[in-house]
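Understanding the architecture of this molecule
One-letter residues, chain by chain:
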Amino acid sequence: MLAYSLRRVLQSILVMLVVALISFALFRFVGDPVNSMVGQETSLADREALRRQLGLYDPFVVQFWNFITRAVQGDFGISYRLQEPVMKLILSRLPATLELALVSGTAAFILGVGFGVYTALNRRGLASNGIMTLSLIGVSLPTFLIGVLLIWVFAVELKWLPSFGRGDTVALTSWWTTGFLTPSGRASLVLPAVTLGLYQMTLIMRLVRAEMLEVLRTDYVKFARARGLSQRAIHFGHALKNTMVPVITVMGLQLGSIIAFSIITETVFQWPGIGSLFINSVKAVDVPVMAAYLMMIAAIFVIINLIVDILYYIVDPRLRLDGGGKH
Amino acid sequence: MSQSTSKLARMWDSDVAYSFRRSPVTIIAAIVALTIILGAVFAPWIAPHNPFDPSSLNLMDGFSRPMVPNEFSGNTYLMGTDNQGRDIFSTILYGARISLFVGFAAVAFGMILGITAGLVAAWRGGWVDSLLMRIADVQLSFPSILIALLIFGIARGVIPTNMRETMAIWVLIVAIGLSDWVQFARVVRGAAMVEKNKEYVQAARVIGVHPARIIFSHILPNVLGPVLVIATISLALAVISEATLSFLGVGVPPTQPSLGTLIGNGQKYLFSGEWWILLFPSATLLALALSVNLLGDWLRDALNPRLK
């Protein structure tokens, strides 16, 4: 157990180092950092001084080491575009993205499991066929198009919900602002959350349906029927419980995708989160923000992968037999 | 070549063609996809107007409703016009042309890269194989849109400002292609590993055929089936990626609007009630993506009945 965990942690650190190398190369070689920081009228001598101050003449390894030590402390430099510390920018926009991801992830999980169980238990029903057909369209529709169509129907035609922004927010701490506490904040969350969660919901629904159909055929379910247990106990106590392991794994892995796909949703709904910060940085070639975002997303992915792998190892004893989780 | 008629007849009788004839959904999907592709290819001859020629535009025609004569000029447009008086039908034809060009080119690029990597990994084995597959693993754990955005951002920083406009489409093709080579590499590697140990390859080795020749003219043709399936599904994904990136404003330049650009433009006029600027490009993109996806699904089932 310990050896396996240790090896997985080492692998994760290696991946993070590679991502850090890419981020560093991005910062160092895409455009000239000095020219991006100073104005046109800065003298050559001043530029030279800044170059020395930034350590751009140091050996590559030393520069990379300094980059990593600063990154670990959360120092990613100053944004070229907004002239503010990158970490401050990201922290001020992180709550918006996390709240959106939390709401859409939770909704996708609950609705996905619910619809999945329903369509598995009523396989031939009219409603099941309708749900399955709709899910096919949900998978084929590009995220941004879902968002635009939702705005059209619910914001422009029906005028039920706002089409952009976060509504009124309440500051909880110096940088955490929440939209949960105001009516307009909650209303603003609905359309972006649906846009972001629809794909995940169809994914979970299809997975739960397939797993349920599989489990309902097993011997222990037949045995439970033979013992005369109620339908409810069989479906939820025996069948659903056993479908949850793969669902939770997929959910964990999808959490990273939700954050990445929020780039699109945030642009459609002008949501002030880190996704829209990233896309504006890409447009303006604001390298420090791009590098920081890349490192942050990579860290989230690597940590989730690590937790899922170790959980798998704990949950599924079969993985332990061959002395490690080679897959 | 002289046997082309009998070849056609044999194709008509093959299992693949049979499963095609038996599936109405696939036939409809093929007709829709083919219509859009032909419309895009022959856009300059089909389109009633050239949306890129300013002399053919009349601002008086702006915001014409579909199928209703314009109140100033009296002209009627099938799908209406946008703010500058461009015929929506024509912009869709030209937009689909750019979307499909980027889509096909990106898939071709990703495919060549992925096939080469897969074949090399399978043939060489050892550390080359481990390295390539590890890169593939890491890349696969990140969403492709993120990778495409990152490549786009890097390219923007490297390419001088005055070149950005002309290079944008090629950057987009490379970005989307690089974000989906992994699928090809994995499948080709898996299939080539199996082929590698078969007797015909060993025979070729024994008589001293050059390894490059064995790889490309003996192994490659035998692994192309699954590649074709992935290429079809990748095309749908590439068209969607292109539309998404262009919609986000980091794709094609405004002078060459693709379907994604048109949808982004249409969103601006939604609140003032000009719904047709949004609706028709969106419907075209959806029809294209859905039909190509369905064709890919059919192809997978037809080429590999075991998966059904």
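Residues numbered from 1 in each chain as written. Chains lettered and ligands numbered in written order. Predicted model: local features only at pLDDT ≥ 70, side-chain atom pairs only at ≥ 80, totals over all residues.

**Side note on the overall build of chain A**
- Along chain A, the regular secondary structure elements total 12 helices and two strands.
- Overall, chain A shows an N-to-C arrangement of helices and strands of α-α-α-α-α-α-α-β-β-α-α-α-α-α.
- Seen along its three principal axes, the alpha-carbon backbone of chain A occupies a region of about 85 × 60 × 35 Å.
- In chain A, buried positions account for 35% of the 327 residues.
- Of all intrachain contacts in chain A linking residues separated by at least 6 positions in sequence, the fraction that spans at least 24 positions is 69%. (Helix = DSSP H or I, 4+ residues; strand = E, 2+ residues; numbered from the N terminus. Buried ≥ 20, exposed ≤ 12 C-beta atoms within 10 Å, placed from the backbone. Contact = placed C-beta atoms within 7 Å.)

**Side note on the UniProt feature "transmembrane region" (unreviewed entry) in chain B**
- When the UniProt feature table is mapped onto this chain numbering, "transmembrane region" (unreviewed entry) sits at residues 27–47, 98–123, 135–155, 167–188, 219–240 and 275–296 of chain B.
- Counted over residues 167–188 of chain B, helix gives 95% and strand 0%. Its end C-alpha atoms are 31 Å apart. (UniProt positions renumbered as here; feature names shortened; annotations may be inferred.)

**Description of the nonpolar core**
- Ranked by size, the top nonpolar core spans 152 residues in total, and within it A:Phe278, A:Leu294, B:Leu172, B:Ala185, B:Val188, B:Val239 and B:Ile263 carry the most contacts.
- In terms of residue count, the dominant contributor to this core is helix H5 (residues 88–124) of chain B (18 residues). (Core = buried A, V, L, I, M, F, W, Y, C linked by C-beta atoms within 7 Å.)

**What to know about the interface of chain A and chain B**
- Residue-level contacts link 28 residues of chain A with 32 residues of chain B.
- At the level of secondary structure, the elements contributing two or more residues to the side of chain A that touches chain B comprise helix H1 (2–29), helix H7 (143–157), helix H10 (231–268), helix H11 (274–284) and helix H12 (287–315) of chain A.
- Here the side of chain A that touches chain B is composed, by residue class, of 22 nonpolar, five polar and one charged. (Nonpolar A, V, L, I, M, F, W, Y, C, P; charged D, E, K, R; others polar.)

**Some words on helix H7 (residues 144–158) of chain B**
- For H7(B), with 15 residues, the first-to-last C-alpha span of 21 Å sits near the 21 Å given by 1.5 Å per residue.
- Turning to H7(B), its buried residues are B:Ser144, B:Ile145, B:Leu146, B:Ala148, B:Leu149, B:Leu150, B:Phe152, B:Gly153, B:Ile154 and B:Arg156. (Expected span 1.5 Å × (residues − 1).)

**Focus: the UniProt feature "transmembrane region" (unreviewed entry) in chain A**
- UniProt marks residues 12–30, 100–121, 133–155, 247–271 and 291–315 of chain A with the feature "transmembrane region" (unreviewed entry), using the numbering shown here.
- The annotated region residues 100–121 of chain A carries 100% helix and 0% strand content, and the separation between its end C-alpha atoms amounts to 31 Å.

**Comments concerning the packing of H5(B) against helix H8 (residues 164–179) of chain B**
All names here are of chain B.
- Closest axis-to-axis distance for the H5/H8 pair is 8 Å, and the angle between their directions is 45°. Classified by the angle between their axes, H5 and H8 sit oblique to one another. As H5 packs across H8, the resulting crossing turns out to be right-handed. Residues Val102, Ala105, Ala106, Phe109, Gly110 and Leu113 of H5 form the contact with H8, whose own contacting residues are Ile169, Leu172, Ile173, Val174, Ile176 and Gly177.
- Split into classes, the residues belonging to the contact of H5 with H8 amount to 10 nonpolar, two polar and no charged. (Axes fitted to C-alpha atoms, helices over the stretch in contact; angles between N-to-C directions. Parallel < 35°, antiparallel > 145°, perpendicular 65-115°, else oblique. Left-handed = near helix turned anticlockwise from the far one by under 90°.)

**Topic: H10(A)**
- Taking 1.5 Å as the rise per residue, H10(A) with 38 residues should run 56 Å; its terminal C-alpha atoms sit only 44 Å apart, a clear shortfall.
- Taken as a whole, H10(A) carries its principal kink of about 40° at A:Leu240. (Bend = angle between axes of the 7 residues up to and from the residue.)

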